[in-house]
Amino acid sequence: MSDAAAYSVKMRASRAGAHVSGAERIVTASSVPKVAALLAERALSHSKGVPDFVNVKVEALQGPVRRVKALPVETHVTHSAAEGRALAAKLLASVGIGRADEILALFPESHGMRGAMLLDADTLERLEPDRERGVRATYMDDVESLGKSPVCGKNHYAEAIVLATKVQNAPGIVGEVCVSDDPDYVTGYVATRELGYRRITVVKDRGDPNGGRIFLYRGPREGVAETLRFLERTPLLVTDVPSLAAPSGPTRRFEGLERDLDARREEGLFRQCRTLESKTGPAALVGGRELVVMASNDYLDLARDERVVEAAASAAREWGAGSGGARLTTGTQPPHVALERAIAEFKRAESALAYATGYMANVGAISALVGRGDAVVSDELNHASIIDGCRLSGADVLVYRHGDLDDLARKLALCRSRRRRLAVSDGVFSMDGDLLDLPRFLEVCERHDAFSMVDEAHAIGVIGETGRGLSELFGCGSPDVTVGTLSKALGSEGGFVCGSRLLVDYLRNMSRSFIFSTAPGAPSAAAALAALKALEAEPWRVARLRENVAFLVSVLRRHGVEAKSESAIVPVVVGDEKRALAASAALEARGFLIPAIRYPTVARGSARLRVAVMSAHSESQLRAAAEAIASCIS
Ligand SMILES: *Cc1c(COP(=O)(O)O)cnc(C)c1O
């Protein structure tokens, strides 16, 4: 194969003028048709959506293409944005680039630029001629693609190394910092000729959309033009690009796991299961001691209710312990059918579909409703099962600021052209206990013709006069899709989706977590049904719970603890992870089980005691708990 016959093949795709994807290869003449076809295919099947414009450009390259060896790669495992950034700063400082913190602070500015920022490494003056576009490093490839038939998929890792190698070979360039602008991709790198390519596993917080590339230049201003020419015009082939797989052996494999866990321990983030040695209830045995439990989602004390327990026991005798199959095969028994009917009636919906868990309901519903090319707009504090459903769906995920429905509207407007749009929110936010403004949410969704979906896991049995949820509280309509769980206030297990008959028929046919998992056993379904009946017959439980929450909050406030709640969840934010853990341990010593909730369940630095109130807590238990909390966090 001769370099004289090298061609550049470039693809770029856009929709409504906005960039969707791009790629390039340097290949021999005989590979050009195949590569051009592959890149076109890639453009048309990009996860960011179907483009309305695709350009595939083929150019013959003049003369032999220069080859350089790939930068050596090293990976640094970090556990937080702060740690990753500190490391990046240290690495840059080690090669004489001193103002790393200021450089890293520029990423919000580079957000949205197609190319990189070009900065004077010392004065931080911006040198790129076009600030909107930035500097694009192009005409480069892994030498492997020259001869071999190109692989169809995209190897982001290899592409990043090829790019970083080209950049570090440019005259005047002394370093590069790269942070992905994908809110879900938290890994970044620092590259310099001396250090090579230093991959840093966490350089930003999940959900942070700010990112981009910053090239660092040192030299006279007259030299910039030559640097740009090299980056944007001079073809380069990179040899010895390492593959992603790290060298592994039986020990290396596990060492990594241990290191990760050790880091968690150091940060007060290591977790273990605690065994409750008695029935769940307002008090339980832990390690042989009775503790007041202010951590349970069994808000209405129905998990140990005689009627609920008996329903499960007799269903086990009548229908068996397990269902033996998925719902669509052999797993549907009369208790499942009765439960779905009762849920629909309770929620005043046309129809309901029971899932094995609330988690599966969210994952199954979201991934069935939206897919590639669609968009889902999600509150930044939504429950993990919603986040996972969004990711699994393959739809583009836009995250809006917590509770900010103007931001929701803006983001829905951004994806007007999508086939489907879904807006999704917790009804009661599980770590803050605050509520969604449902009427406005519905109005915004309607205006943008987006599916509205609300997760009422912590709302069922808690919110509204009779515990029917947010629609009851606000006296408004229901979202297109309501998700709930049977495992919290209903004291049983399982999840559900309710809405129109069309929606439920659709999900029964399309929702993979419903289709491909064994149905929960009849005992669970029967227990949930009995709990639902108890809730309907005894609305005093809901009223009692509300009074208990108000009482606890008032005692906390009297003791100078900032607290409020619109649900059964009363967060007492402490901040530091280890302080929260210490407070929780001190409370346990005093006889209260109140967990410290830490990252990754909540953001780092916002660790909290999460106090969950039950209707069955007595006034004296609540008063004692509030006093203990006040003294343990001060
Ligand atoms: C608990 C919870 C779920 C998951 O429900 P499970 O039945 O426990 O799987 C989903 N969403 C929210 C908001 C929750 O708090």
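Cut-off values and rules
Residue positions are given per chain, counting from 1 as you read along its sequence in written order. Given that this is a predicted model, residues contribute local features only at a pLDDT of at least 70 and side-chain atom pairs are listed and counted only at 80 or more, while totals for whole chains, interfaces and linings are drawn from all residues. Processing note: side-chain calculations cover all non-hydrogen atoms of the structure and skip hydrogens and water entirely. Only DSSP runs of H or I reaching four residues or more are called helices, and only runs of E reaching two or more are called strands; each is numbered from the N terminus. Each radius of gyration reported is based on C-alpha atoms, and the globular scaling rule is 2.2 Å times the count of residues to the power 0.38. By the convention used here, residues are in contact when the closest approach between their heavy atoms is within 4.5 Å. Only four residue types enter the charge count, namely Lys and Arg as positive and Asp and Glu as negative; His and the chain termini do not. For the purpose of locating charges, the reference atoms are NZ of Lys, CZ of Arg, CG of Asp and CD of Glu. We call a residue near a given molecule or strand whenever any one of its heavy atoms falls within 4 Å of it. Polar contact is defined as a pair of N or O atoms within 3.5 Å, subject to the rule that within protein one atom must be able to donate a hydrogen and the other to accept it, and that residues adjacent in sequence are counted only when both atoms are side-chain atoms. Per-residue and other accessible areas were derived by the Shrake-Rupley procedure at a 1.4 Å probe size, with only the shown protein chains allowed to occlude residues. Gly counts as polar in this scheme, as do all residues outside two lists: the nonpolar Ala, Val, Leu, Ile, Met, Phe, Trp, Tyr, Cys and Pro, and the charged Asp, Glu, Lys and Arg. The start and end points of each domain follow an automatic or database-based domain assignment. Partly exposed describes any residue whose relative accessible area lies between the buried limit of under 20% and the exposed limit of over 50%, with all areas from a 1.4 Å probe on protein chains only and scaled to the type maximum. Note on definitions: salt bridges are taken to be side-chain nitrogens of Lys or Arg within 4 Å of carboxyl oxygens of Asp or Glu. Looking down the strands as they point away from you, a crossover is right-handed if its path from the first strand over the helix to the second goes clockwise. Two strands make a pair as long as DSSP finds a minimum of two bridges between them. Axes here mean lines fitted to C-alpha atoms, for a helix over just the part in contact, with angles spanning 0 to 180 degrees between N-to-C directions. Pairs were defined over the aromatic rings of Phe, Tyr and Trp, the Trp ring being its six-membered one, requiring ring centres within 6.5 Å. Orientation was assigned from the angle between planes: stacked under 30 degrees, edge-to-face over 60, tilted for the rest. Note on geometry: a ring has a charge over it if NZ (lysine) or CZ (arginine) is within 6 Å of the ring centre and within 35 degrees of the ring normal. A helix is expected to span 1.5 Å multiplied by its residue count minus one. The arc in question is the one traced by the directions running from the helix axis out to the C-beta atoms.

Caption draft 1: Broad picture of the overall build of the protein. A tally of helices and strands in the protein yields 21 helices and 25 strands. Computed over the C-alpha atoms, the radius of gyration of the protein is 28 Å, within 12% of the 26 Å expected from 2.2 N^0.38 for a compact globule of 634 residues. Along the longest, intermediate and shortest principal axes, the C-alpha atoms of the protein span 85 × 55 × 50 Å. Considering only contacts in the protein between residues 6 or more positions apart, those separated by 24 or more positions represent 70%. Across the protein, the 80 positively charged side chains and the 80 negatively charged ones have centroids separated by 3 Å.

Caption draft 2: Highlighting the site of the ligand. The immediate surroundings of the ligand are formed by 15 residues, with Gly358, Asp455, His458, Thr485 and Lys488 found nearest. Between the ligand and histidine 383, the relevant distance is 3.4 Å, taken from a nitrogen atom to a side-chain nitrogen or oxygen of the residue. In this structure, serine 487 approaches the ligand through a side-chain N or O atom, which is 3.1 Å from an oxygen atom. Look at the ligand: alone it shows 380 Å² of surface, and the protein chains cover 86% of it. Here the shell around the ligand takes three residues from helix α11 (residues 358-369), the largest share from any one element. Each residue belonging to the shell around the ligand can be placed in one class, and the counts come to two nonpolar, ten polar and three charged.

Caption draft 3: Representation of the domain arrangement of the protein. Partitioning the protein into domains gives domain 1 (3-60), domain 2 (66-248), domain 3 (268-297 + 540-633) and domain 4 (306-536). Here domain 2 and domain 4 have C-alpha centroids that lie 43 Å from each other.

Caption draft 4: View of unusual backbone geometry. Geometrically, the link from tyrosine 599 to proline 600 is a cis peptide bond, its omega value of 5° lying close to zero. On the secondary structure map, proline 600 appears in the loop between β24 (596-597) and β25 (607-612). Here tyrosine 139, not a glycine, exhibits a phi torsion of approximately 60°, which is positive. By secondary structure assignment, the location of tyrosine 139 is in the loop between β6 (117-120) and β7 (140-142).

Caption draft 5: Quick peek at the side chain of glutamate 456. Structurally, glutamate 456 is set in the loop between β19 (451-455) and α15 (470-474). In this structure glutamate 456 comes out as buried when scored by relative accessible area, which is 3%. The residues touching glutamate 456, leaving out its near neighbours within four places in the chain, are Lys347, Arg468, Gly469, Leu470, Thr482, Val483 and Gly484.

Caption draft 6: Representation of the environment of alanine 543. Tracing the chain through its elements places alanine 543 in helix α19 (residues 540-558). Separated by 78 residues in the primary sequence, alanine 543 and glutamate 465 have C-alpha atoms spaced 7.2 Å apart.

Caption draft 7: Local environment of the pattern of salt bridges. In the structure shown here, the tally under the stated rule is 34 salt bridges. The partner of aspartate 141 in a salt bridge is arginine 25, and the shortest N-O contact between them spans 2.9 Å. Of this pair, aspartate 141 sits in strand β7 while arginine 25 sits in strand β2 (residues 18-28), and the two are 116 residues apart along the sequence. Among the ionic pairs, arginine 221 bridges to glutamate 125, the shortest N-O distance being 2.8 Å. Here the residue arginine 221 occupies a position in the loop between β11 (212-217) and α7 (224-233), and glutamate 125 occupies one in the loop between β6 and β7, the gap between them amounting to 96 residues. A cluster of three or more residues bridged by salt bridges with shared partners is formed by Asp305, Arg307, Glu538 and Arg541.

Caption draft 8: Here's a closer look at the pairing of β19. Counting buried residues along β19, four of its five residues qualify, which places the element largely inside the surrounding structure. With helix α14 (residues 438-447) bridging strand β18 (residues 421-426) and its parallel neighbour β19, the resulting β-α-β unit is right-handed. Inspection of the sheet shows β19 paired to strand β20 (residues 481-485) by three bridges, in the parallel sense. Residue aspartate 455 lies in a different strand from β20, and its bridge partner there is valine 483.

Caption draft 9: Spatial organisation of the sheet that holds strand β22 (residues 569-575). One open sheet accounts for three strands, arranged β22-β25-β24; its pairing is antiparallel. Single-partner strands in this sheet number two, and they are β22 and β24. Judged from the six bridges that link them, β22 and β25 form a sheet pairing that is antiparallel. If you follow proline 571 over to β25, its bridge partner there is arginine 610. Of the strands in this sheet, β22, β24 and β25 touch helix α20 (residues 577-589), which is tilted by about 35° from β25.

Caption draft 10: Representation of the sheet that holds strand β10 (residues 196-200). As summarised here, the arrangement of the six strands in space is β5-β10-β9-β8-β11-β6, forming an open sheet in which the pairing is mixed. Two strands close off the open sheet at either side, each with one partner strand: β5 (73-76) and β6. Strand-to-strand, the axes of this sheet are offset by a mean angle of 20°, without reference to chain direction. Here strand β8 (residues 173-179) pairs with strand β9 (residues 188-192) via four bridges, running antiparallel. In the strand pairing of β9, glutamate 176 is matched with alanine 191. Contacts from helix α6 (residues 156-168) reach β5, β8, β9, β10 and β11, with the element oriented near 155° to β8. The strands touched by α7 within the sheet are β6, β8 and β11, with β11 carrying the most contacts at an inclination of about 135°.

Caption draft 11: Focus on the packing of aromatic side chains. Tallied over the full model, the rule gives two aromatic pairs. Plain terms: the ring middles of tyrosine 355 and phenylalanine 514 are 5.7 Å apart, the flat faces sit at 70° to each other, and that makes the pair edge-to-face. Of this pair, tyrosine 355 sits in strand β15 (residues 351-355) while phenylalanine 514 sits in helix α17 (residues 512-515), and the two are 159 residues apart along the sequence. The pair formed by tyrosine 355 and phenylalanine 514 is uniform in burial state, with each residue classed as buried. Residue placement shows lysine 10 over the ring face of tyrosine 139; its charged tip is 3.7 Å from the ring centre. A cation over a ring is seen here: arginine 604 above tyrosine 599, with NZ or CZ 3.8 Å from the ring centre.

Caption draft 12: Geometry of helix α9 (residues 306-319). When the terminal C-alpha atoms of α9 are compared, their 19 Å separation across 14 residues agrees well with the 20 Å that a helix rising 1.5 Å per residue should span. Residues of α9 that are buried: Val308, Ala311 and Ala315. With its buried residues spanning 55° around the axis, α9 presents them on a single face. Structural note: α9 exposes Glu306 and Arg317 on the side pointing more than 90 degrees away from its buried face. Buried residues along α9 sit in contact with α18 (522-537). Directly beyond the C-terminal end of α9, a positive phi value near 100° is found at glycine 320.

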